[in-house]
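Chain by chain, the residues run as shown.
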Amino acid sequence: MAKENLSVWTSISFWRRSAAWVTGFATILLIWLTFDTMGQISMGTDADLQKGITKRVPAPTVINYHIDYKMSEKRGHEVPVIGKKEPFFGKEWSVKDAAALLHLGKLTSQSKNCMDCHTLLGNGAYYAPDLTKAWLDPMWGATMQGMTGKSTREEAMAEFLQHPEKYPTHARMMPNLKITPKEAQGLVAFLKHLSSIDTNGFPRGFSKTVDQFKAGGTNAH
Amino acid sequence: MLINIKSNSLTNTGQRIGLMYFRVAIILFAAQLLMGLIAATQFVYPSFLYGIFDFSVARMVHINALVVWMLYAMIGATYYMLTDETGEEVVMAGLGKLAFWVLTLAITVVVLVFIFVQIGPGTEKSIWLINEGREYLEAPRWADIGIVVVVLIFYANVFFTFLKGRKTGIMQVMVANLLALAGLYLAGMFFTDNISMDQYWWWWVIHLWVEATWEVFVGTLAAYALIKFIGAKREIVEMWLWIEVLMLFGSGILGLGHHYFWIGTPEYWWEIGALFSALEPVPLVAMFVHVLYDWGKEQGINGDKPTITNGPGMAWIVTNAFGNFLGAGIWGFFHTLPQVNIYTHGTQFTSAHGHLAFFGAYATILIGMMYMGVQGAYGVKRLKATFNSKMAITLITFGLLGMTVALTIAGYEQVLVERAELGGGWQAFFTAQNLPWYVQAQLWRLIMGLVTFVGFIYLVLDLLTIGKKAKAAEA
């Protein structure tokens, strides 16, 4: 430069060095936090489930357990609660079979492009309901089991996924994505596993007051 | 049609390759808008193309065409300034041209498969050949690998030309930033059964692109454009560029945390994400101030009569300064704190922000660069805005603002009714979707989308004709 810089605040080399330091520092902090997060979000094991050890992302065998989503006084929001064992599609799944089923379900969720209508963990498109806690949705109780003629939540979901056009609930309908019976089972396992992930309380107050809302009127009587 | 843009006046290889990329970018831009119109229509009339061309398909092509046209325009702009900035012809230019054709062929195949095959069975093969099914990164794995190879060639062109030639501040930032931009794509190229892990790395690509490396890229483009369009002094522009890099990376890298509130990741991301993403608008204010300051103060600094050498280009750069601040800054800040985001996450609020941010931060400046390309292609000394230029910028900006406002209103309804009142879920979702005010908002979004599309037609017309007219007028 022809003339001496009078102030550091207009010195290009000062800003270049500062930019490099700040970027480097932020990157190192991100990498360090990433290592910590990787440890916390890697999948738990079947042994964890048996011993009642809570993992943010449980093992695939979580499909053998009852899952609920309850307010935690300590954390100030709802958390997944893994309860007693319950049959899934009429049986208990081995470690290997549960993992294979979840693998099929995750692959199917991607190859059918669920995420470009629905949101998963709140990410995706906004044309259809969020699926984070879809396994726990009250609609899979009497309403959809009645419509599909099935007697369990998982069977009703699997039937709906294979023939969504047969069970319309709104003008905006899910299209038939040629999902096979096996893929449908995989998807239901994927959704059940998804609902067991600790999402720090998202979504809040899941499906809490739909019945009250539908009943109408006031609560003042 | 786009071949009509003559490139006889281009004096160097970088500019010629740049123009090749710009032409394809415009075609993909058109595809993005058409797909958006289909998806917006389906929100209002759900039976439209149901079972034939479902929302998921239209939406997938909508967002992928968006990302790819922007990458094309970014690569094009980089080539365009490469020779001019370094003072050297592009090293291995032939390979660069070959890479362009390979990439264009690959993109064409991917889009045709998206449109005609759409989905596959739940196997690894589908992920490799048809659709990866991860929002924004739907391109199948074979295409991912192809993209990496092509980008490496592009990077080699830039890097070796840079080594050989002048090392301006703009080029230093460009070379470092492009390496990060290209490297980050690798974080999105694996499959896992663990969806939390999946989304953790998925955000490394999406966020560290659009809220860090792409923003820095915009900074370099704006710096170069200000020198070209209004004759701003290089020292001032480059000093600002380093300040922008400092602030963009300082806030944007850890701002990544705002995507880690609810995907299974630990609570400490609440604090980190909230703090750093709240700082993200700061550099956008700086960029805004910088552009307007230079516009007012730097023009004609060398004692020349103040002139803007590229009217429409400069208009888009100024729109970028406003749009980046409003769309990325304000609309992002709206819902970046976890206390707010727990209700707004995954609603039309996100969509409103997405539309104005991608437009304001990226589309605007890339259109400005296309005007720079047209000016160079015809060798015009001073490009003045035509009626078409004015119609294009007015209608597109008005249409985008209209869509954003409509989607914000829709998002507001959705947040209060679906999330706050009913707590999400199947019935809660549709209760909110069927509210009259929500439905009206979606209708307005469609109307404003049409306005945007009309503006786009003016834009294409203008890009095709403005150079020839200006050249004739100068002669």
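Everything below is about the structure printed above this text.
Basis of the calculations
Residues numbered from 1 in each chain as written. Chains lettered and ligands numbered in written order. Predicted model: local features only at pLDDT ≥ 70, side-chain atom pairs only at ≥ 80, totals over all residues. Helix = DSSP H or I, 4+ residues; strand = E, 2+ residues; numbered from the N terminus. Rg over C-alpha atoms; globule rule 2.2 N^0.38 Å. Pairing = 2+ DSSP bridges. Contact = placed C-beta atoms within 7 Å. Axes fitted to C-alpha atoms, helices over the stretch in contact; angles between N-to-C directions. Parallel < 35°, antiparallel > 145°, perpendicular 65-115°, else oblique. Left-handed = near helix turned anticlockwise from the far one by under 90°. Nonpolar A, V, L, I, M, F, W, Y, C, P; charged D, E, K, R; others polar. Buried ≥ 20, exposed ≤ 12 C-beta atoms within 10 Å, placed from the backbone. Core = buried A, V, L, I, M, F, W, Y, C linked by C-beta atoms within 7 Å. Domains from an automatic or database assignment.

Structural notes on the overall build of chain A
In step 1: The helix and strand tally for chain A stands at seven helices and four strands.
In step 2: Traced from its N-terminal end to its C-terminal end, chain A shows the element sequence α-α-β-β-α-β-β-α-α-α-α.
In step 3: Here chain A has a C-alpha radius of gyration of 24 Å; the compact-globule value for 221 residues is 17 Å, and the former is much larger.
In step 4: If you line up chain A on its principal axes, its C-alpha atoms span 85 × 45 × 45 Å.

Section: the pairing of strand S2 (residues 77-85) of chain A
Both faces of the sheet carry side chains from a regular strand, because those side chains alternate between them.
Residue and element names in this part refer to chain A.
In step 1: Of the strand pairs in this sheet, strand S1 (residues 65-72) and S2 are connected by seven bridges, and their pairing is antiparallel. Considered in S2, the bridge of Ser-72 is made with His-77.
In step 2: Following S1, the chain reverses through four residues before pairing antiparallel with S2; Gly-76 in that reversal takes a positive phi of roughly 80 degrees.

As for the interface of chain A and chain B
In step 1: Facing 70 residues of chain A, the contacting portion of chain B comprises 68 residues.
In step 2: The set of elements that each furnish at least two residues to the side of chain A that touches chain B consists of helix H1 (12-41), helix H3 (95-111), strand S3 (119-120), strand S4 (123-124), helix H6 (181-195) and helix H7 (210-215) of chain A.
In step 3: At 14 residues, the largest contribution of residues to the side of chain A that touches chain B is made by H1 of chain A.

A closer look at the packing of helix H13 (residues 348-378) of chain B against helix H16 (residues 436-474) of chain B
Residues and elements named next belong to chain B.
In step 1: H16 packs onto H13 with a crossing angle of 30 degrees between their chain directions and a minimal axis gap of 9 Å. The angle between H13 and H16 falls in the class roughly parallel. Seen from above, H13 lies across H16 with right-handed handedness. Every residue of H16 that contacts H13 at Ile-367, Met-370, Val-374, Gln-375, Ala-377 and Tyr-378 is listed here: Leu-459, Leu-463, Ile-466, Gly-467, Lys-468, Ala-470 and Lys-471.
In step 2: Its residues placed into classes, the contact of H13 with H16 shows nine nonpolar, two polar and two charged.

As for the environment of Ser-7 of chain A
Residue and element names in this part refer to chain A.
In step 1: Assignment of secondary structure puts Ser-7 in the segment before H1.
In step 2: Take Ser-7: there are 7 C-beta atoms within 10 Å of it, and that puts it in the exposed class.
In step 3: For the pair formed by Ser-7 and Ser-195, sequence separation is 188 residues and the distance between their alpha carbons is 58 Å.

Observations regarding unusual backbone geometry
In step 1: Backbone torsion omega between Phe-202 of chain A and Pro-203 of chain A reads -10 degrees, so that peptide bond is classified as cis.
In step 2: Structurally, the position occupied by Pro-203 of chain A is in the loop between H6 and H7.
In step 3: For Gln-118 of chain B, which is not glycine, the phi torsion reads 65 degrees and is therefore positive.
In step 4: Relative to the helices and strands, Gln-118 of chain B resides in the loop between helix H3 (93-116) and helix H4 (124-129).

Some details on the packing of helix H1 (residues 13-44) of chain B against H13 of chain B
Residues and elements named next belong to chain B.
In step 1: Packing of H1 against H13 brings their axes to within 10 Å, and their N-to-C directions diverge by 130 degrees. Relative to H13, H1 is oriented oblique. In this structure, H1 crosses over H13, and the sense of that crossing is left-handed. Residues Gln-15, Gly-18, Leu-19 and Phe-22 of H1 form the contact with H13, whose own contacting residues are Met-370, Gly-373, Gly-376 and Ala-377.
In step 2: For the contact of H1 with H13, a count of residues per class yields four nonpolar, four polar and no charged.

A look at the nonpolar core
In step 1: The biggest cluster of nonpolar side chains holds 216 residues, and the ones touching the most others in it are Ala-73 and Leu-366 of chain B.
In step 2: Element by element, the count of residues in this core is highest for helix H7 (residues 195-230) of chain B, at 23 residues.
In step 3: When residues of this core are assigned to domains, at least three fall in each of domain 1 (8-40) and domain 2 (43-215) of chain A.
In step 4: If near-sequence neighbours (up to four positions away) are discounted, Ala-73 of chain B is found in contact with Tyr-21, Phe-22, Ala-25, Leu-366, Met-369 and Met-370 of chain B.

Focus on the environment of Ile-197 of chain A
In step 1: Locating Ile-197 of chain A in the fold gives a position in the loop between H6 and H7.
In step 2: With 51 residues separating them in the primary sequence, Ile-197 of chain A and Gly-146 of chain A have C-alpha atoms 28 Å apart.
In step 3: Setting aside its immediate chain neighbours within four residues, Ile-197 of chain A contacts Arg-56, Val-57 and Pro-80 of chain A together with Ser-196 and Gly-264 of chain B.

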